[in-house]
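# Descriptive analysis of the structure
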Amino acid sequence: MVDPITNDSYKDSTANDGHIQKWDLEIKPQSSVFDLHLKDVWAYRDLLWLLVRRDFVSFYKQTIFGPLWFFIQPIFTTLIFTFIFSNLAKISTNLAPAPLFYMAGTVAWNYFADSLTKTSTVFRDNAPIFGKVYFPRLIMPISIIFSNLVKFGVQFILFIILMGYYLITTNTIHPNLYVLLFPVVILLMAILGLGIGLIVTAATTKYRDLAFIVTFGVQLLMYATPVIYPLSAAPLKYRTIISLNPMSGLIETFRYGFLGTGQFYLGAFIYSVIASTLIFLIGLIVFNKVEKNFVDTV
């Protein structure tokens, strides 16, 4: 037998000679919410890459500018932030060039925000597929994270080009050894967005209003994150509250490593590591629990 989705071959349970043979794949009911079937996710990795490719192609299909949209959004956002928050509001950028300061915050924030908003509607958007074909449900949200990582990579190249320009023409930025934390920062942004998204998508199987709340809630959350201002510029009475946002420590670390302006907040970074990991684990457990019977409620 051949699975129509994965093209994997499966043997019948009874051979012609009457001997019983084992199945290559056996689908069993979950015995525990902690049984995440991560081996199944790895077995379906080809499907994961197909979904990533589908998302990437569909993003610019039938558009005039195509992949250039990956560059247009951060460029225009940076220009608007520079004009409003730097030129008009005169908000500090810790002596970093304003366009580079806002580009760093925008690129990092976009990766987290896109991962969260798109993951938060996985059950609702893919209910018809989930109800017909078996594959590890975790494949869908993970594919979103990787798809957004491709988009982030393209925008990150734009950031590096802008940083190279200021390195050559000015002496205002000083990359340092904290740039080595870059892979850790990106991983933490990914699992934080994935974790929150999994919790929200599990809740939206019963309460669809959450999907609308997340859409504009993420936009408001950006102002509680040091994207358009450094953490040091926040009033002291609000600085602790802003630091409770796990993204605050991650964006400050990202910006400090590449620009060398401001300071590295060790406490905020350690908090971000702990909070992101904890939220991710909770999201996995909640998602695993709901996926068993979500089709009945969506």
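Up top is the structure these notes are about.
In this report, we go over the structure that sits alongside the text. Keep in mind that this is a model prediction, so the values were computed, not measured.

What counts as what
Residues numbered from 1 in each chain as written. Predicted model: local features only at pLDDT ≥ 70, side-chain atom pairs only at ≥ 80, totals over all residues. Heavy atoms only, no water. Core = buried A, V, L, I, M, F, W, Y, C linked by side-chain atoms within 4.5 Å. Buried < 20%, exposed > 50% of the residue type's maximum accessible area, 1.4 Å probe, protein only. Helix = DSSP H or I, 4+ residues; strand = E, 2+ residues; numbered from the N terminus. Contact = heavy atoms within 4.5 Å. Axes fitted to C-alpha atoms, helices over the stretch in contact; angles between N-to-C directions. Parallel < 35°, antiparallel > 145°, perpendicular 65-115°, else oblique. Left-handed = near helix turned anticlockwise from the far one by under 90°. Expected span 1.5 Å × (residues − 1). Bend = angle between axes of the 7 residues up to and from the residue.

### Digging into the nonpolar core
Ranked by internal contacts, the top residues of the largest apolar core, which has 74 residues, are Trp109, Ile139, Phe159, Met189, Met247 and Phe254. Element by element, the count of residues in this core is highest for helix α4 (residues 98-119), at 13 residues. Not counting chain neighbours up to four residues away, the residues in contact with tryptophan 109 comprise Val218, Leu221, Met222, Thr225, Val227, Met247 and Ile251.

### Describing the packing of helix α3 (residues 69-88) against helix α7 (residues 139-169)
The N-to-C vectors of α3 and α7 enclose an angle of 55°; their axes lie 9 Å apart at closest approach. Considered as vectors, α3 and α7 are oriented oblique to each other. Considering only the axes of α3 and α7, their crossing is right-handed. Of the residues in α7, those in contact with Phe70, Phe71, Gln73, Pro74 and Ile75 of α3 are Lys151, Val154, Gln155 and Leu158.

### What about α3?
With 20 residues, α3 should reach 28 Å at 1.5 Å per residue; the first-to-last C-alpha distance of 27 Å fits that figure. Helix geometry: α3 is bent most strongly at threonine 82, by close to 25°. Taken residue by residue, α3 has Phe70, Pro74, Thr77, Thr78, Phe81, Thr82, Phe85 and Ser86 as its buried positions. In the segment just after α3, lysine 90 is the residue with positive phi, at about 60°.

### Concerning the packing of helix α8 (residues 182-203) against helix α11 (residues 246-259)
Where α8 contacts α11, the axes come no closer than 10 Å and their chain directions differ by 155°. With respect to α11, the axis of α8 lies roughly antiparallel. Seen from above, α8 lies across α11 with left-handed handedness. Residue-level contacts link Phe182, Val185, Leu188, Met189 and Leu192 of α8 to Pro246, Met247, Leu250, Ile251, Thr253, Phe254 and Phe258 of α11.

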